[in-house]
Every structure is written in structure tokens, then in C-alpha cells.
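For reference, the chains in residue letters:
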Amino acid sequence: MKNLSKASTIISKINKKRAYILKNKSSSLDFSLSENPLEKIPIGVIVGIIKNINSVNQYPLKAIQSLKKEIANQFKINIKNVGVGAGLEQVIENCFKTIVNPKDEVIIPNPSFYVFGKSAFLVGAKPRFVKPGTNFSLDLSKTAKEISCKAKLIIFSNPNNPTGQVISNKEIISLANEVAPIIVIVDEANIEFGGKSLISEKNLPKNIIILRTFSKAYGLAGLRIGICIGSPRFINAFNQISQSVPVSNLSCAAAIAGLKDKNFIKKTKEFTKKERTKLINAFKRNKIEVFPSQANNILINTDYTKFKKFLDKNNVGFIDASCFRDIPKGCFRVSIRTKEKNKKLVTLLQNYKK
Ligand SMILES: Cc1ncc(COP(=O)(O)O)c(C=O)c1O
């Protein structure tokens, strides 16, 4: 179609690389998208949604305030430090709009979540991607060396997507102190599965912004709720940039109930750890290389053609991880799913010959 922006054309090319994910989403055994592996909705969340069903004819101004209050309460922070959006993808884009000007540089250690590069492009900034270290780990010392006078922001996820690797808070805090006043955004979308959130750290450097989502461990991917936590000055500016009422009444009600159900998060973490070990062992038995993971995603490396044939033949969906910059062909990302699905995969793998 004519008259579309240059951005839409370029981004559609980036997204084409991800076509394999979408194609296999219809797979009967799908391990491509990382959602809550229990595939259950906590009862409290269902009750919260039903109780608030009559609110759908109202704008959710009060509901958003209540959600921010509950987030502040659960994470023991001030409500002035909390911003929300319709999913973390939207929060990330709005953080970029709040912090970055056209022609600024954004430092992105690889491998990284594709939305970081896309958001940099959308605000007209220049992304500087940093090559990964051993086993595709994030290389924060190289990242610090990439800083130029045009750099405004460093962004990465912890645990990292697609590897599931965790970096210590000590390392992140030391980077933030070294590069201040450049802002460091830490996307903790998958932190409930492994690692320790920066939120509970005392004396956090003021240039750190923490991102969280309800899409993963909380099991609310369909309700689209993301959070950012930063200084009151940043949150104020973020709110100005954001849509005036970004999250729905029912999403807020579900998230409030989800925050109160600590047992669900604990169960999810324990389950993920147990199932991750089973999958890792099954891959290793098949002489498939497995990179270290402490979270809900596992990165593997094998013969691309043979493995792709195996996936297609058995109608199994994995992510072709070469769609992440600096990850070579032959690497796949696997997300942990239900016990039954994981077991089926382990059984299928018994017939895979490398
Ligand atoms: C690191 C990371 N950040 C953000 C997101 C997006 O989360 P949301 O569903 O809240 O948009 C994902 C989802 O895969 C992710 O892995």
C-alpha cells in the first residue's frame, strides 16, 4: 500500500524474521512464546475480574490508581515511583519516548529482546548493539566501554531473553554507577523465574529504571499490563508521554488479585525449575548443546536443518533463535510449558537423531 511510513516498511522487514514463531504458534506442541507454564488462572484473579465486570462502562482512572497503590504496597515503594502501560512492550516504547531524542544513541547488549531495537528506531535514535560474551551472556564491561557523548540509555533484560541467564544485581549497580547520569533500564519481565529483583535493593542508583510485567509468572499475558519503576521525576514525564488511561478496569482488578497471590508465583517458580531440569537433561541426552539458564527460556544449539525437520514433522513450535542479533543459525529458544507438554517433547526427543 502507498502512503505508509518508512518506519512501518522497515519494521515489517524486522518482523518477517520472526515469521517462524508465528507460523508455529498453531503447533499442537508450542514452546515458542513464554507465558505462565502452569497455564492456569489463579481463582483470586477470576473472582477479581467477575467482581469488577460492571465497571467496564467506566474509564479506569480509579482502577489504575488502585493498581499503582497495590504495586507500591507489595514492592514496598512509593506510589510516585510507579508507572503502568498496556503490556511491557508499550511501557518500553513509552520509556524510549520519555528519555531519548532523535539522533541519541541507545546501547543494547546482545542478545536482546527485539522491542529494544525497534523502540530505538521508532524514536529516531541510533542503537549500538554490543556483542555477547561467552555462552551468549550479556557483556556489561564491554557495554560500559561503548558509551559515547551521544549515549542516553542502556537497556537489557535480566534474566535475559532468549538465554534465561541472570546477571547479579551487584554487576548491574556497578554499571549504573559507572555510566551515570546515563539511564540504565533493566527489563525484569522474567525475574520471578530466576534471579533477584533490583526493586528490593537498598540505595539503588537514581539512573536505574526497572520494568516488570504481569504477562509471565502472573499468568496474565492476555490482559496486557506492564510496569515501570523509576524516580518520581521520570514517572511524571512517563505519564505525560503515555496514553491517558492505558490499562483497563478488568486488567487492573486481575493484576491486584495476582499481586496478592504470592503462592501462585512461588508454585510457578518451583515448577519451572523442576521442568527446566527435565528438558535440559533430555536435550543433553540427545547431544544437543544447552546454554546455562536460570529462568523460563532455554537456548539450545544443534544441526539447524535436521532439528527444523524434526520440529516440523512433529508439529512442535520452537523459536528460531537466529532471529535474535548475534545468535547463529542452529540455535533455538524453548520456553517451558505444562508438565504434559514437556513430557511429550521429552518422548519425541527420544526419536531425534542428531
Ligand atoms: C524481556 C521481555 N520484555 C518484555 C516482554 C513483553 O511483555 P508484555 O507481554 O508485557 O508486553 C517480553 C515478552 O516476551 C520479554 O521477554
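Here the structure is shown first, and the text comes after it.
As the structure is a prediction and not an experimental result, all values here were calculated from the model. (Residues numbered from 1 in each chain as written. Predicted model: local features only at pLDDT ≥ 70, side-chain atom pairs only at ≥ 80, totals over all residues. Heavy atoms only, no water.)

Chemist: Can you walk me through the pairing of strand 3 (residues 105–109) in this structure?
Modeler: Regular strands have side chains that alternate between both faces of the sheet. Across the five residues of strand 3, five count as buried, placing the element largely inside the fold. Side-chain alternation along strand 3 places Glu105, Ile107 and Pro109 on one buried face and Val106 and Ile108 on a second face that is also buried. In this structure, strand 3 lies alongside strand 4 (residues 126–130), joined through five bridges in parallel fashion. Note on strand 4: the bridge partner recorded for Pro109 is Val130. Each parallel crossover has a hand, and for strand 3 linked through helix 6 (residues 114–122) to strand 4 it is right-handed. Examined bridge by bridge, strand 3 and strand 5 (residues 151–157) share three bridges and lie parallel to one another. Bridge pairing in strand 5 links Ile107 to Ile154. (Buried < 20%, exposed > 50% of the residue type's maximum accessible area, 1.4 Å probe, protein only. Helix = DSSP H or I, 4+ residues; strand = E, 2+ residues; numbered from the N terminus. Pairing = 2+ DSSP bridges. Right-handed = clockwise from strand over helix to strand, strands pointing away.)

Chemist: Please clarify how the site of the ligand should be interpreted in this entry.
Modeler: Near the ligand lie 13 residues; those nearest to it are Leu88, Asp187, Thr213, Ser215 and Lys216. Separating an oxygen atom of the ligand from a side-chain N or O atom of Asn161 is a distance of 2.9 Å. Lys216 is positioned with one of its side-chain polar atoms (N or O) 2.7 Å from an oxygen atom of the ligand. Expressed as a share of its isolated accessible area of 400 Å², the protein-covered part of the ligand is 91%. For the shell around the ligand, the residue count by class is three nonpolar, six polar and four charged. (Near = heavy atom within 4 Å. Polar contact = N/O pair within 3.5 Å; in protein donor to acceptor, adjacent residues only side chain to side chain. Areas by Shrake-Rupley, 256 points an atom, 1.4 Å probe, with all protein chains shown as cover. Nonpolar A, V, L, I, M, F, W, Y, C, P; charged D, E, K, R; others polar.)

Chemist: Sorry, what's going on with the sheet that holds strand 13 (residues 331–335) here?
Modeler: Each strand in a sheet pairs with its neighbour through backbone hydrogen bonds, running either in the same direction (parallel) or in the opposite one (antiparallel). The strand order across the open sheet formed by four strands is 9-10-13-12, and the pairing between neighbours is antiparallel. Every interior strand has two partners, whereas the edge strands, strand 9 (289–290) and strand 12 (319–320), have only one. Looking at chain direction, strand 10 (residues 297–301) and strand 13 are connected through five bridges and run antiparallel. Looking at the pairing, Ile300 lines up with Phe332 of strand 13. Against the sheet, helix 11 (residues 262–285) makes contact with strand 9, strand 10 and strand 13, and its axis sits at roughly 5 degrees relative to strand 10, the strand it touches most. The strands touched by helix 12 (residues 304–313) within the sheet are strand 10, strand 12 and strand 13, with strand 13 carrying the most contacts at an inclination of about 35 degrees. (Contact = heavy atoms within 4.5 Å. Axes fitted to C-alpha atoms, helices over the stretch in contact; angles between N-to-C directions.)

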